[in-house]
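# Descriptive structure summary
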Amino acid sequence: MSEEKCRVYLDGREIGTVADGKEFAAEIRSNRRKGLISGEINVAYIKSINEVHINADKGRVRKPYIIVEDGQSKLTPDIMEKLKAGEIDFNFLVRRGIIEYLDAEEEENILAAMDPSEITKKTTHLEADPASFFGLTVNNSVFPEFNSMGRHPIAWNFMKQAQGLYTTNFNSRYDARAFLLYYPQVPIVNSVTYRTLNMKRHANGQNFVVALSTYYGYNMQDAVVLNKAAVDRGLGRSVFYRSYMDEERRYPGGQQDSFKLPPPTIEGYKGEHAYSKLGEDGIVEPELEVNEGEVIIGKVSPPRFLEEQTSFGVGEERSRDNSVTLRSGETGAVDSVMFSETTGATRIIKVRIRSIKVPEVGDKFASRQSQKGVTALIVPQEDMPYTKEGIVPDLLLNPIGLPNRMTYGHILEMLGAKAASLDGKTVDGTPFSRHGKEVIDDYAGTLEKYGFEKFGDEVFYDGRTGKKFSATLFNGVVYYHRLWHMVSLKLQVRSRGPVQILTRQPTEGKPRKGGLKFGEMERDALVGHGASLLIKERMLDQSDKAPVWICKTCGDIGYYDYIKNTPVCPTCGGNKLEEVEISYAFKLLLDELKSMHILARLRLKSD
Ligand SMILES: [Zn+2]
């Protein structure tokens, strides 16, 4: 048997075979470095399936690496000198085959060294900088190399959810939702990437004074305790914008919506109070306080069907109220109103509502070290722990959250920012820039210089009793983000409310005033407890309970004839029916089975 040939794929399509895939890939690579073929081509030989994958399509994420040949980095010291002197640039290095861009598939074929000192005979590439090991988001953080790898995706998710100064022209924008921090700060500890991207122009957090301590059981697990005085001074305070948009739509037949104060005779009139904030033009006046359910854009639409049939014959043409109301559970002031026209010459109106969000119990905060926390208590300053200098932390973090998550970067940041605060300058926390011992010695030295305990511990006094704590507390400064998950935007209750038309079960979700889902797993928990009546109450009485008449003769569903005052079975014509409570979803199932010519007969236990 002849040896199997190696298949070659270009952008996922098979284009032929070669005898030796590894050699073929090496040849392409060599030609690319010589500039004989485009530098945008990537090739990978996949040994396990004996295939060569060539990629030249758009949309691949690629990363630059320094090429290493025969154990020697091609970025030699004299080339570095020329680069520093500005005689050559980065593109020159790419053209000369000193640096090349690799995609995810080709990266599988290489052995990259993090540092020139780690280069061996087998090394093929060298990282341009050890920090390029991380992406942009993690590089915006500090000391990520001291954290557990699994925490990084969590950390960058928090960073993406942070409130801050996302843009400077927020006053002329109508974003659907936007958060703006009142007093954004530049982090005391930041990184090269942070400075290079000029992220201080878009600061999205504040430097909190943090002490690692419990507080009478209020900050269990991930919960945090905030200092009320700090909150009153503007800690984490932000403004929330929500924009509403509506347009005067045109309909076939020449009819059109119109923005105006809806007259009381209109179909679907919401009552006088709902329109009280509108001006003469039917649009809400700027700087008015508005509440949920109040109309902010008055709009009248033509009737859905021309000459609707009513019980009095052919009815008159009634236009309907199609106004925009403030979302349920939200309040705020009208920040601005904008009139405009679409390209189709229909008028549009945008209204931006502003509301101030002061941190409250239930609001979420997170540091750049993937340490999130929900505010559990806001304590008056006099009840918080304090040091002999009278320093009161802004936030108390439970130390139990640190050892199991292995976010050592959090501790380093606390120490670094504390030292930097005393020095009155910012410090650098770029990934892989310094060794841990070097970092700690540096910060410890600074702290000692200013008369502090070198590892950041301090004696604290209990604000409630005035007594000294028997243990010292580790404290420092951490850059905290206020995340956009806020109770005021999520709080919701329902006792009674709308139901779905098809299943008659309660609706789902906050905008539809829905109920909390009671799913399979919740039901299983109650089954496990044997709480049968509670299951019935949740899944039948409080859901889609429907009384139906069931025929004792044929087992089909009948109805009650109120004229003859007797139940009737339309299937067999009998009158022996029993009223039974079933779930409406079950009746729906029976109906759907009937549509497939399956008649399910119900046998009653009383028979
Ligand atoms: Zn029957």
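Given the structure is predicted, the values throughout are model-derived calculations rather than measurements.

## Comments concerning the overall build of the chain
Looking only at helices and strands, the chain features 14 helices and 34 strands. Computed over its C-alpha atoms, the radius of gyration of the chain comes to 34 Å, more than 25% above the 25 Å expected for a compact globule of 607 residues. Structurally, the chain occupies a C-alpha span of about 105 × 90 × 65 Å along its principal axes. Expressed as a percentage of its 607 residues, the buried residues of the chain come to 42%. For the chain, the share of sequence-separated contacts (at least 6 apart) that also reach a separation of at least 24 residues comes to 66%. Within the structure as shown, the chain displays about 34300 Å² of accessible surface, and the carbon and sulfur contribution to it stands at 53%. The distance from the centre of the 81 positive side-chain charges to the centre of the 83 negative ones in the chain is 2 Å.

## A short note on the sheet that holds strand 15 (residues 258–259)
A sheet is described by the order of its strands in space; here three strands give the open sequence 15-18-21, paired in antiparallel fashion. Each edge of the sheet is formed by a strand with only one pairing partner; in this case those strands are strand 15 and strand 21 (320–321). Pairing between strand 15 and strand 18 (residues 299–301): two bridges, direction antiparallel. Looking at the pairing, Ser258 lines up with Val300 of strand 18.

## Some points on the sheet that holds strand 14 (residues 238–247)
As summarised here, the arrangement of the five strands in space is 10-14-24-23-16, forming an open sheet in which the pairing is antiparallel. In the strand order of this sheet, the two ends are held by strand 10 (177–181) and strand 16 (289–290), each with one partner. As defined by bridge partners, strand 16 adjoins strand 23 (residues 332–341) across two bridges and the pair is classed as antiparallel. Looking at strand 23, one finds that Val290 is bridged to Gly332.

## A short note on the layout of surface pockets
Over the atoms rolls a probe the size of a water molecule, and its path tells where empty space is left. The calculated volume of the largest pocket comes to roughly 740 Å³. Looking at the largest pocket, it is lined by 22 residues, and the ones nearest its centre are Pro506, Gly515, Leu516, Gln542 and Ser543. Residues that form the lining of the largest pocket fall into these classes: six nonpolar, 10 polar and six charged.

## As for the coordination of the zinc ion
In ideal tetrahedral geometry, four donors around a metal make angles of 109.5 degrees, whereas ideal octahedral geometry with six donors gives angles of 90 or 180 degrees. Within the first shell, the zinc ion binds the protein through Cys551 (SG), Cys554 (SG), Cys569 (SG) and Cys572 (SG), at distances of 2.2 to 2.3 Å. Considering all four donor atoms around the zinc ion, angles at the metal cover 103 to 120° and the coordination shape is tetrahedral. Overall, Cys554 belongs to the buried group, its relative accessible area being 11%. By relative accessible area, which is 38% here, Cys572 ends up partly exposed.

## Points about the domain arrangement of the chain
Here the chain is partitioned into domain 1 (6–134), domain 2 (153–168 + 180–237 + 365–482), domain 3 (239–357) and domain 4 (492–607). Here the C-alpha centre of domain 3 lies 47 Å away from the C-alpha centre of domain 2. Between domain 2 and domain 3, the residue contacts involve five residues of the former and four residues of the latter. Carbon and sulfur atoms supply 50% of the area that domain 2 and domain 3 bury against each other, a total of about 420 Å² over both sides. Counting every contact that joins domain 2 to domain 3 gives zero salt bridges. Our count for the domain 2 to domain 3 interface comes out at two residue pairs in polar contact (both at pLDDT 80 or more).

## Overview of a nonpolar patch on the surface
Taken together, Tyr182, Tyr183, Ile356 and Val358 make up a surface patch of nonpolar side chains, about 360 Å² in accessible area. Relative to the assigned elements, Tyr182 resides in the loop between strand 10 and strand 11 (189–190). For Tyr182, a relative accessible area of 35% translates into the label partly exposed.

Reading guide: rules and limits
- Residues numbered from 1 in each chain as written.
- Predicted model: local features only at pLDDT ≥ 70, side-chain atom pairs only at ≥ 80, totals over all residues.
- Heavy atoms only, no water.
- Helix = DSSP H or I, 4+ residues; strand = E, 2+ residues; numbered from the N terminus.
- Rg over C-alpha atoms; globule rule 2.2 N^0.38 Å.
- Buried < 20%, exposed > 50% of the residue type's maximum accessible area, 1.4 Å probe, protein only.
- Contact = heavy atoms within 4.5 Å.
- Areas by Shrake-Rupley, 256 points an atom, 1.4 Å probe, with all protein chains shown as cover.
- Lys, Arg positive; Asp, Glu negative; His and termini not counted.
- Charge placed at Lys NZ, Arg CZ, Asp CG, Glu CD.
- Pairing = 2+ DSSP bridges.
- 1 Å grid on protein atoms, 1.4 Å probe; cavity = no way out; pocket = protein on both sides within 12 Å on 5 of 7 lines; lining within 4 Å.
- Points joined across faces, edges and corners; volume = space filled by probe spheres on them.
- Nonpolar A, V, L, I, M, F, W, Y, C, P; charged D, E, K, R; others polar.
- Donors = N, O, S within 2.8 Å, 3.2 Å for Na, K, Ca; no water.
- Tetrahedral: all angles 85-135°; square planar, octahedral: opposite > 155°, others 65-115°.
- Domains from an automatic or database assignment.
- Buried area = accessible area lost by both parts, 1.4 Å probe.
- Salt bridge = Lys/Arg side-chain N within 4 Å of Asp/Glu carboxyl O.
- Polar contact = N/O pair within 3.5 Å; in protein donor to acceptor, adjacent residues only side chain to side chain.
- Patch = residues over 30% accessible without salt bridge, like charges linked within 9 Å, V, L, I, M, F, W, Y side chains within 5 Å.

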